[in-house]
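Take a look at the letters that make up each chain.
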Amino acid sequence: MVKGRRLYEGKAKILYEGPEAGTVVVHFKDDATAFNGEKFDVIEGKGVLNNRISEFMFTRLREMGLNTSFIKRLNMREQLHKQVEIIPLEVIVRNIAAGSICKRLGLKEGERLPRAIVEFCYKKDELGDPLVAEEHINAFGWAEPRELDDMIHMALRTNDILSGLFAGIGIRLVDFKLEFGREYSPDGMVRTVLTDEISPDSCRLWDMKTDEKLDKDRFRRDLGGLVDAYAEVARRLGIINDSNPGGTGPKLVKG
Ligand code: UDP
């Protein structure tokens, strides 16, 4: 695969020009950061697992009819995406209280929320990605009202699909972060598409029986065993197994 020039380097991924116009190559690094970049480490193998897990998630969502930028996985660390214009918002969906909402609202970690809650954060590293209201998004024009509707609808649909998928393998989807972009088609249409990644870096995943954390909180909280936890998620999804690295599909875990 011939990559073009480097377009952008983020905390965990690098974006290159793709082989054809309108495509980008996403490269998954092993770098781990938390607390807006204050905590940093290189965790060997993380990028490879996130590449595979994110491919799996985007493929399932695409099968369910969601518009995504994902085209295909290229190799161990890279995938091909349609080039989109990033909407400068992080869309967070929460099912169970954890992380920042506990501090903000005085909730106990692990409390089930009355219903799925969608939050928006403005993507601005210098400000630490602050939580914003729809009012701010409209006033500052970060997204059109139609795009806001699309994002909420697609985020909740993603939540339903992924909650079911993870429940089937004995994992609770506590919360997750999505990013969206605008896809401009030659006929002048603009579509809202799901982009970025969906991996244990961007989700909170707890084992249903033991409540063990199988996500980036292992790094944030110095629990260790991050790669083992991500590999366990990949194994349960049927993406990797010792005898068949190609994967066999998810294995149902009976409660
Ligand atoms: N999240 C993310 N990137 C961010 C912020 C949050 O992927 O820049 C994910 C995080 O992994 C969790 C969810 O979004 O699954 C909610 O995160 P929260 O607001 O609780 O923030 P945190 O506790 O991670 O600071």
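What counts, and where the lines are drawn
- Residues numbered from 1 in each chain as written.
- Predicted model: local features only at pLDDT ≥ 70, side-chain atom pairs only at ≥ 80, totals over all residues.
- Heavy atoms only, no water.
- Near = heavy atom within 4 Å.
- Polar contact = N/O pair within 3.5 Å; in protein donor to acceptor, adjacent residues only side chain to side chain.
- Areas by Shrake-Rupley, 256 points an atom, 1.4 Å probe, with all protein chains shown as cover.
- Helix = DSSP H or I, 4+ residues; strand = E, 2+ residues; numbered from the N terminus.
- Nonpolar A, V, L, I, M, F, W, Y, C, P; charged D, E, K, R; others polar.
- Buried < 20%, exposed > 50% of the residue type's maximum accessible area, 1.4 Å probe, protein only.
- Lys, Arg positive; Asp, Glu negative; His and termini not counted.
- Salt bridge = Lys/Arg side-chain N within 4 Å of Asp/Glu carboxyl O.
- Contact = heavy atoms within 4.5 Å.
- Pairing = 2+ DSSP bridges.
- Phe/Tyr/Trp six-rings, centres within 6.5 Å; stacked < 30°, edge-to-face > 60°.
- Lys NZ or Arg CZ within 6 Å of the ring centre and 35° of its normal.

## A closer look at the site of the ligand
- Inspection of the region around the ligand gives 15 residues, with Arg-94, Ser-100, Asp-175, Arg-204 and Arg-220 positioned closest.
- At 2.6 Å from an oxygen atom of the ligand is found a side-chain nitrogen or oxygen belonging to Asp-175.
- Against a free-state accessible area of 500 Å², the protein chains account for coverage of 77% of the ligand.
- Broken down by secondary-structure element, the contributors of at least two residues to the shell around the ligand are strand 9 (89-96), strand 12 (171-184) and strand 14 (203-207).
- Taken together, the residues of the shell around the ligand break down into four nonpolar, three polar and eight charged.

## Points about the side chain of Glu-90
- In this structure, Glu-90 sits in strand 9.
- Buried charge Glu-90 goes without a salt bridge, the closest partner of opposite sign being Lys-177 at 4.2 Å.
- Discounting residues that sit within four places of it in the chain, Glu-90 has contacts with Glu-119, Phe-120, Cys-121, Lys-123, Asp-129, Lys-177, Leu-178 and Glu-179.

## Structural notes on the pairing of strand 12
- By the criterion of burial, strand 12 is predominantly enclosed, with twelve of the 14 residues buried.
- Here strand 8 (residues 85-86) pairs with strand 12 via two bridges, running antiparallel. In the sheet register, Ile-86 faces strand 12, and the bridge partner there is Gly-181.
- Here four bridges tie strand 9 to strand 12, and the two strands are oriented antiparallel to one another. The residue of strand 12 that forms the bridge with Val-91 is Leu-178.

## Let's talk about the packing of aromatic side chains
- Under the definition given, this model contains three aromatic pairs.
- Plain terms: the ring middles of Phe-58 and Phe-70 are 6.0 Å apart, the flat faces sit at 10° to each other, and that makes the pair stacked. Here Phe-70 lies in strand 6 (residues 70-73) and Phe-58 lies in helix 1 (residues 46-63), a separation of twelve residues in the sequence. Per residue, the accessibility class of Phe-58 equals that of Phe-70, and both read buried.
- Summarising the aromatic geometry, the rings of Tyr-122 and Trp-142 are spaced 3.9 Å apart at their centres and angled 15° between planes, so their arrangement reads as stacked. Of this pair, Tyr-122 sits in strand 10 (residues 112-122) while Trp-142 sits in the loop between helix 3 (134-140) and helix 4 (145-167), placing them 20 residues apart in sequence. Accessibility assignment for this pair places Tyr-122 and Trp-142 in one class, buried.
- A network of ring pairs unites the aromatic residues Tyr-122, Phe-140 and Trp-142 as a single cluster.
- The ring of Tyr-16 is capped by Lys-3, whose NZ or CZ atom sits 4.7 Å from the centre of that ring.
- Residue placement shows Arg-60 over the ring face of Phe-56; its charged tip is 4.5 Å from the ring centre.

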